[in-house]
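So you can see what is in the structure, the chains are spelled out below.
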Amino acid sequence: MFERIGIIAKYADSDVRQALESTLAVLTARGADIAIDQNCATVNEDATIRAVAEQDVVSNRDLVIAIGGDGTLLRAAKLAFPGHASVLGVNLGRLGFLTDLSPEQVPESLNAILDGNFTSEERCVLRAEIVRGDKVIAGADGLNDVVIQKWNSARLIAFDTYVDGRFVLSQRSDGMIVSTPTGSTAYSLSGGGPILHPQLSAIVVVPICPHSLTNRPIVLADTAIIEIYVDEEYADESRVTCDGEAMPQIIAGDRIRITRNEQTVHLIHPAMHDHFANLRAKLHWGQAPC
């Protein structure tokens, strides 16, 4: 089912070496067409494995394996989803809500997945655009979230939020998180937002440290068009990020438009994947009753 496989890793260290060796052992035994990124190449001793630039790892691949934490999987997913490649995560991070396999599970679980024993799901992606006048001057995608936040300043910023052309609120705060269900267990959760089930067609808007305590998270349909206008006085002190990566600096009069991308990220999980068991384990909610 998956014959052309790309591997992307976090900055190479001893943990990456162990996980990469286990992964390559499975793939080479099955005769897969493999491409690895430069981080993998620094710890890979098999000269027959093709190493390419990170953006080329996903080219014409059926499956992309991310070795690292959720940040590595986000990077791999953003590269992979325009080409419709599936994404699987090997967890070397701390929480790892998105990365399913531990290095110890790779030999058994990866073989099972390659045999077709897996579950899959489509995760929505947000599209953020900076609009200047009638022209889009920059765009970026986020699997987790789009964040408008204060930048290099201890002051609050002020902005107005519109949904589908209708005014929602004016706010003074440290910023705003616009999150997918995938990102609801990331920065949004730290900001007091709800945990959304991955299958929900929803977007959550979460204020960051609002000055008014009546500003609360709002859950919207994922068809919503969200537009945020930063007060001109604070434009130079504000920044937009997608999954933590900064977009170009905004200026007075710009607006940030956020919509759902037409394409989705296709995530692969082991066949016995249980979203709620994952939440229990990561958030220490206790053991399931016998």
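Described below are features of the structure shown in this document. (Residues numbered from 1 in each chain as written. Predicted model: local features only at pLDDT ≥ 70, side-chain atom pairs only at ≥ 80, totals over all residues. Heavy atoms only, no water.)

On to the side chain of threonine 161. The residue threonine 161 is located in strand E9 (residues 157-163) in this model. The contacts of threonine 161, once residues within four sequence positions are left out, are Arg166, Phe167, Val168, Leu169, Met176, Ile226, Glu227 and Ile228. (Helix = DSSP H or I, 4+ residues; strand = E, 2+ residues; numbered from the N terminus. Contact = heavy atoms within 4.5 Å.)

One pass over the structure, following the stated rule, counts 16 salt bridges. Between arginine 61 and aspartate 33 there is a salt bridge whose closest N-O contact spans 3.4 Å. Here arginine 61 is found in the loop between helix H3 (54-57) and strand E4 (63-68), whereas its partner aspartate 33 is found in strand E2 (residues 33-36), with 28 residues between them in sequence. Looking at arginine 61, the relative accessible area reads 9%, which means it is buried. On the basis of relative accessibility, which here comes to 33%, the residue aspartate 33 falls in the partly exposed class. With its nearest N and O atoms 2.2 Å apart, the salt bridge here joins aspartate 222 to arginine 260. Taken together, the positions of aspartate 222 in the loop between strand E13 (218-221) and strand E14 (226-230) and arginine 260 in strand E17 (residues 255-270) put the pair 38 residues apart, joining distant regions of the chain. Here the salt bridges share partners, and the residues they tie into one network are Asp33, Arg50 and Arg61. (Salt bridge = Lys/Arg side-chain N within 4 Å of Asp/Glu carboxyl O. Buried < 20%, exposed > 50% of the residue type's maximum accessible area, 1.4 Å probe, protein only.)

The topology assignment puts leucine 213 in the loop between strand E12 (202-208) and E13. C-alpha separation for the pair leucine 213 and alanine 235, spaced 22 residues apart in sequence, amounts to 23 Å.

The buried fraction of strand E11 (residues 175-179) is high, at five of five residues. Neither face of E11 is exposed, since Gly175, Ile177 and Ser179 on one face and Met176 and Val178 on the opposite face are all buried. Where strand E8 (residues 145-150) meets E11, five bridges bridge the pair, whose relative direction is antiparallel. For glutamine 149, the partnering residue across the bridge sits in E11 and is glycine 175. (Pairing = 2+ DSSP bridges.)

Side chains on a regular strand alternate between the two faces of the sheet. Where strand E6 (residues 118-132) meets E17, 13 bridges bridge the pair, whose relative direction is antiparallel. Residue pairing in the sheet places alanine 128 in a bridge with isoleucine 258 of E17. For E6 and strand E7 (residues 135-142), the ladder comprises seven bridges, and the chain directions are antiparallel. Across the sheet, the residue bridging to glutamate 129 is glycine 139, located in E7. A loop of two residues connects E6 with E7, the two strands running antiparallel in sequence, and glycine 133 in this loop sits at a positive phi of about 70°.

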